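An overview of the molecular structure
Each chain, letter by letter, is given below.
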Amino acid sequence: MATLSRLNKIALLGLGAVGGGLAYYQMGRSEKQYDVHNSWTTNYTPSVKWDKNWDHREPESIVRPKRSDKPEDENKYNEQIEKAKSKAVRHLFLIRHGQYNTEGLTDRERILTELGRQQADLTGKRLSCLDIQWDLLVRSTMTRAQETASIIAKHLPKDIEVTDCQLIEEGAPIPPEPPVGHWRPEPKMYQFFQDGARIEAAFRRYFYRAPPEQTKDSYTLLVCHANVIRFFVCKALQFPPEGWLRISLNHGSITWISILPSGNVVLRCLSETGHMEPKYITSR
């Protein structure tokens, strides 16, 4: 009996060793099947790739393909590519209007509060300190944006070009995810349908790399609204646009986006209000 017991033990140990080996082999196969690399390794593949032709101004997309592989055609094609390349940076400064009377029933009644005017004045002073040669000031046609832009303009050069734009009026650009408050996709879908097309058109009007004939960096100010600005930020960075409502912007804040000649986009600051004392900072 003792001998049989010893044999049983040996058999059990052998089976355990074989089972462990098989398990290790299967684990090895599973690891190869579901090969996962850390994001900082050279084997990392991005989940979403950058669309370098997002503004449809990539030189290869606007120059006719070469006719043949002949040296003369190759040289002509390369020359045209060089001529089509952007050479300057387009800087866009997105300014949210100051605090306003939210109890107003019409746009004309939604004027800036005293605090809102102070916020606009502080933002104007900040912009004047940046030592930037401004090219253009674009104002939303809504009252609170018009007032904010007028206060800011007092601190800018008198010869700056000023234009009004209805496309950058406040609105609901796209159903937010997750749904929040009164902006739920089902009952208010028509609002997104109307506002979304307009705000998308505004993005296409102002967000693009500098044309080849532009040789100096340009600086444009857009005085508009929170929903418009945060949608622009998501679109410009190629983040999911439905996440726009997850971003909070302060009144009178500065958001600075640069579009490089390569088409790459840089967010230099978002909702910057460091030029204000805490008592002046509001967001709702």
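So, how was this worked out
- Residues numbered from 1 in each chain as written.
- Predicted model: local features only at pLDDT ≥ 70, side-chain atom pairs only at ≥ 80, totals over all residues.
- Heavy atoms only, no water.
- UniProt positions renumbered as here; feature names shortened; annotations may be inferred.
- Helix = DSSP H or I, 4+ residues; strand = E, 2+ residues; numbered from the N terminus.
- Buried < 20%, exposed > 50% of the residue type's maximum accessible area, 1.4 Å probe, protein only.
- Contact = heavy atoms within 4.5 Å.
- Areas by Shrake-Rupley, 256 points an atom, 1.4 Å probe, with all protein chains shown as cover.
- Core = buried A, V, L, I, M, F, W, Y, C linked by side-chain atoms within 4.5 Å.
- Salt bridge = Lys/Arg side-chain N within 4 Å of Asp/Glu carboxyl O.
- Phe/Tyr/Trp six-rings, centres within 6.5 Å; stacked < 30°, edge-to-face > 60°.
- Lys NZ or Arg CZ within 6 Å of the ring centre and 35° of its normal.
- Pairing = 2+ DSSP bridges.
- Axes fitted to C-alpha atoms, helices over the stretch in contact; angles between N-to-C directions.

Looking at an unreviewed UniProt entry, the protein carries the name Serine/threonine-protein phosphatase PGAM5, mitochondrial, with the source organism given as Danaus chrysippus. One UniProt comment on the protein, placed under Subcellular location (unreviewed entry), says "Mitochondrion outer membrane". According to the UniProt record, the Sequence similarities (unreviewed entry) comment for the protein reads "Belongs to the phosphoglycerate mutase family. BPG-dependent PGAM subfamily."

What about the overall build of the protein?
Looking only at helices and strands, the protein has seven helices and six strands in total. Listing each helix as α and each strand as β along the protein from the N terminus yields α-α-α-β-α-β-α-β-α-β-α-β-β. By residue count, 39% of the 284 residues in the protein fall in the buried class. Sequence separation of at least 24 residues holds for 72% of the intrachain contacts in the protein that already meet a minimum separation of 6. As displayed, the protein has an accessible area near 17500 Å², and 54% of this comes from carbon and sulfur atoms.

Concerning the nonpolar core
Judged by nonpolar contacts, the single largest core of 29 residues is most densely connected at Leu94, Ile168, Phe207, Leu222 and Phe232. Where this core is concerned, the elements lending two or more residues are strand S1 (90–96), strand S2 (136–140), helix H6 (189–206), strand S4 (218–224), helix H7 (226–236) and strand S5 (254–259). Element by element, the count of residues in this core is highest for H7, at eight residues. If we ignore the near neighbours within four places in the chain, the residues touching Leu94 are Phe207, Leu222, Ile229, Phe232, Ser253, Ile254, Thr255 and Ile257. Membership of the second largest hydrophobic core comes to 16 residues, among which are Leu127, Ile152, Ile160 and Leu221.

Overview of the pattern of salt bridges
Within this structure, the stated rule accounts for 11 salt bridges. The shortest N-O distance in the salt bridge between Asp195 and Arg198 comes to 3.6 Å. Placement of the pair is Asp195 and Arg198 together in helix H6, with a separation of three residues, close to one helical turn. Judged on exposure class, the residue Asp195 and its partner Arg198 are both buried. Salt bridges here are not isolated pairs; linked through shared partners, they connect Asp55, Glu58 and Arg209.

What to know about the packing of aromatic side chains
Applying the stated criterion across every chain, the model contains seven aromatic pairs. A centroid spacing of 6.2 Å and a plane angle of 50° characterise the contact between Trp54 and Phe203, whose relative ring orientation is tilted. Taken together, the residues Trp54 in the loop between helix H1 (2–33) and helix H2 (59–62) and Phe203 in helix H6 connect sequence positions 149 residues apart. There is no split in this pair, since Trp54 and Phe203 are both buried. Their ring planes at 50° and their centres at 6.0 Å tell us that Phe203 and Phe232 sit as a pair that is tilted. In this pair, Phe203 sits in helix H6 while Phe232 sits in helix H7, placing the two residues 29 residues apart along the sequence. By relative accessible area, Phe203 is classed as buried at 6%. Here the aromatic residues Trp54, Phe203, Phe207 and Phe232 are joined through ring pairs into a cluster of three or more. Just above the ring of Tyr100 sits the side chain of Arg144; from NZ or CZ to the centre is 4.2 Å.

What to know about the sheet that holds S4
Strand order in this open sheet of six strands is S3-S2-S4-S1-S5-S6, and the pairing throughout is mixed. Across the chains shown, the open sheet's two edge strands, defined by having one partner strand only, are strand S3 (161–165) and strand S6 (265–272). Each strand axis lies, on average, 15° off the axis of its neighbour in the sheet, ignoring direction. For S1 and S4, the ladder comprises seven bridges, and the chain directions are parallel. Across the sheet, the residue bridging to Ile95 is Val223, located in S4. Against the sheet, helix H5 (residues 143–153) contacts S1, S2, S3 and S4, and its axis sits at roughly 155° relative to S2. Sitting on the sheet, H7 is in contact with S1, S4, S5 and S6, with an inclination near 150° to S1.

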